[in-house]
Amino acid sequence: MLPSRSRLTSWNPDALAVTGPAVTSAGESVEQAVDVINTNLEIMPETRSWEGPAHDAASKMFDRAHTHASEFGDYTAAIGNALRDSATSLGAARTALLNKADEIDSAELQVTEQWVVLIKPAPMSAEKVASLMEKVASEQAIVNELLLAVGDADDATADRLIAAAKPFGFVAPNPDGLCGMMLPGVQRPEDEVPNPRDPLGLFQQSVMRGEDMAVTVRDTKEEIVNGDEFRKTLIMQDGSRHVIWEYGPPEYPTVSHMHYDTKGDVISSTMSWTTIEGIHNTEIEWADGTIFKATETPDGVRTAGFTLPDGRHGCFRRTIRSSPARYRRRSVAR
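In this text, all values refer to a predicted model and were calculated from it rather than measured experimentally.

**Remarks on the pattern of salt bridges**
Applying the stated criterion to the full structure yields 12 salt bridges. Across the pair lysine 128 and glutamate 108 runs a salt bridge whose closest N-O atoms are separated by 3.1 Å. With lysine 128 in helix α4 (residues 126-165) and glutamate 108 in the loop between α3 (53-105) and β1 (109-111), the pair connects residues that are 20 residues apart, well separated along the chain. Using a relative accessible area of 37% as the deciding quantity, one classes glutamate 108 as partly exposed. Two residues, arginine 231 and glutamate 223, come together in a salt bridge whose shortest N-O distance is 2.8 Å. Since its relative accessible area comes to 22%, glutamate 223 is described here as partly exposed. Via salt bridges that share partners, Arg5, Asp102 and Asp105 belong to a single interconnected network.

Below, the structure is given as structure tokens:
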């Protein structure tokens, strides 16, 4: 299992190191207790404190019990050793990964809950982003290697316990079929984060990083154009841009929001304005030609609709009254 960062932080492999000897000791205690009873039974005829058929039956019973207790002691010793060895390997892998994540967090990069290395939000140039991306790639490779070591150590712990128990008759339940679905603990836990050993996992890491860079501002530019029009440009880490433009009379302002991709092509354009009659309008158009329009009148009538690239259109209207229970809603599609 590949755990999330918070899950791994909560793990305590040292508990296995304590549990292992405790399990072994408990098995030894049972074995010793049965051995004492068996030994005492054997010497009773010599002291003439108990003899006869009943004693012989009890002695044979505790002979068998001694054999089983000895096997039980060997069983618990094998489990205890498996737990102790697992604590060492899992603890070392856990510490190495968490320490590396903390080291990365202390500088210009950060490690997410999903073990994805990102650039911290901060003003910077495009050249700086490019330089940090090279570091992101190298650090992500190290984090991935350490993450896989944790997963391997966790899987090895389960395999080691099964192998220790198998000579004593333990048979692991079949994780497939109805049994695997109905019995808790039969199925091994699923990975909580993308698996970097799988190409899909590497792709998921890349997607998460891309999504973060697309919404993280690296530079902001504010200016007044055409005498009195305010324009604000937000440049994201991935090079995409948001240009927000405010113009028109203060009492009836128009706000335009243009979203450009890394190549400078328009992703979407949004415009909001208020008419003299007090009607609020919003219109969004995407690169594929899809258009969304919404209006709200001063008396609370809201109308919204989509027009798709092929010309299909659908709209929705709702009137807000003083009481939430009293409203009129109409949906039209054509």
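**Digging into the pairing of strand β7 (residues 266-274)**
Pairing between strand β6 (residues 254-260) and β7: 7 bridges, direction antiparallel. Along β7, the bridge assignment pairs histidine 259 with serine 268. Linking two consecutive strands that pair antiparallel, namely β6 and β7, is a turn of 5 residues; a positive phi of about 95° is found at glycine 264 within it. Pairing between β7 and strand β8 (residues 280-286): 7 bridges, direction antiparallel. Bridging from a neighbouring strand, serine 268 pairs with tryptophan 286 of β8. Between β7 and the antiparallel strand that follows it, β8, lie 5 residues; glycine 278 among them carries a positive phi value of about 85°.

**Concerning helix α6 (residues 199-215)**
Its 17 residues give α6 an end-to-end C-alpha distance of 25 Å, which sits within 8% of 24 Å, the value for a rise of 1.5 Å per residue. Listed as buried for α6 are Gly201, Gln205, Arg209 and Met213. Buried residues in α6, looked at end-on, bunch into an arc of 115°, giving them a common side. The exposed set on the far side of α6, more than 90 degrees from its buried face, consists of Pro199, Leu200, Phe203, Glu211 and Val215. Looking at the buried residues of α6, the elements they touch are β2 (117-119), α4 and β4 (229-236). The backbone nitrogen of leucine 200 has a side-chain oxygen 2.9 Å away, supplied by the residue at the start of α6, namely aspartate 198.

**A few points about the pairing of β6**
With 7 bridges connecting them, strand β5 (residues 241-247) and β6 associate as antiparallel partners. Considered in β6, the bridge of glutamate 246 is made with valine 255. Counted between consecutive antiparallel strands, the loop separating β5 from β6 contains 6 residues, among which glycine 248 sits at a positive phi close to 95°.

**With respect to unusual backbone geometry**
A positive phi angle, near 65°, is found at tryptophan 115, a position not held by glycine. Of note, tryptophan 115 is situated in the loop between β1 and β2. We note that asparagine 226 has phi near 55°; this positive angle belongs to a residue other than glycine. Within the element layout of this structure, asparagine 226 appears in the loop between β3 (217-225) and β4. For asparagine 226, a relative accessible area of 60% puts it in the exposed group.

**What about the nonpolar core?**
Counting residues in each nonpolar core, the largest one holds 25 residues, and the members touching the most others are Leu8, Leu97, Leu109, Trp115, Val117 and Ile119. Those elements that provide at least two residues to this core are α3, β1, β2 and α4. Examining the composition of this core, we find that 7 residues originate from one element, α4, more than from any other. Not counting residues up to four positions away in its chain, the partners in contact with leucine 109 are Ile104, Val117, Leu118, Ile119, Lys120, Leu132, Lys135, Val136 and Glu139. If you look at the next biggest cluster of nonpolar residues, it comprises 5 residues, including Ile79, Ala82, Leu83 and Ala164.

**Side note on the environment of arginine 197**
Its place among the elements puts arginine 197 in the loop between α5 (177-182) and α6. When the C-alpha positions of arginine 197 and leucine 148 are compared, they lie 7.6 Å apart, and in sequence the two are 49 residues distant. What arginine 197 contacts, discounting residues up to four positions off in sequence, is Leu148 and Asp152. In terms of polar contacts, arginine 197 uses its side chain to reach the side chain of aspartate 152, at 3.1 Å.

Each value, and the rule that gives it
- Residues numbered from 1 in each chain as written.
- Predicted model: local features only at pLDDT ≥ 70, side-chain atom pairs only at ≥ 80, totals over all residues.
- Heavy atoms only, no water.
- Salt bridge = Lys/Arg side-chain N within 4 Å of Asp/Glu carboxyl O.
- Helix = DSSP H or I, 4+ residues; strand = E, 2+ residues; numbered from the N terminus.
- Buried < 20%, exposed > 50% of the residue type's maximum accessible area, 1.4 Å probe, protein only.
- Pairing = 2+ DSSP bridges.
- Expected span 1.5 Å × (residues − 1).
- Arc of directions from axis to C-beta.
- Contact = heavy atoms within 4.5 Å.
- Polar contact = N/O pair within 3.5 Å; in protein donor to acceptor, adjacent residues only side chain to side chain.
- Core = buried A, V, L, I, M, F, W, Y, C linked by side-chain atoms within 4.5 Å.

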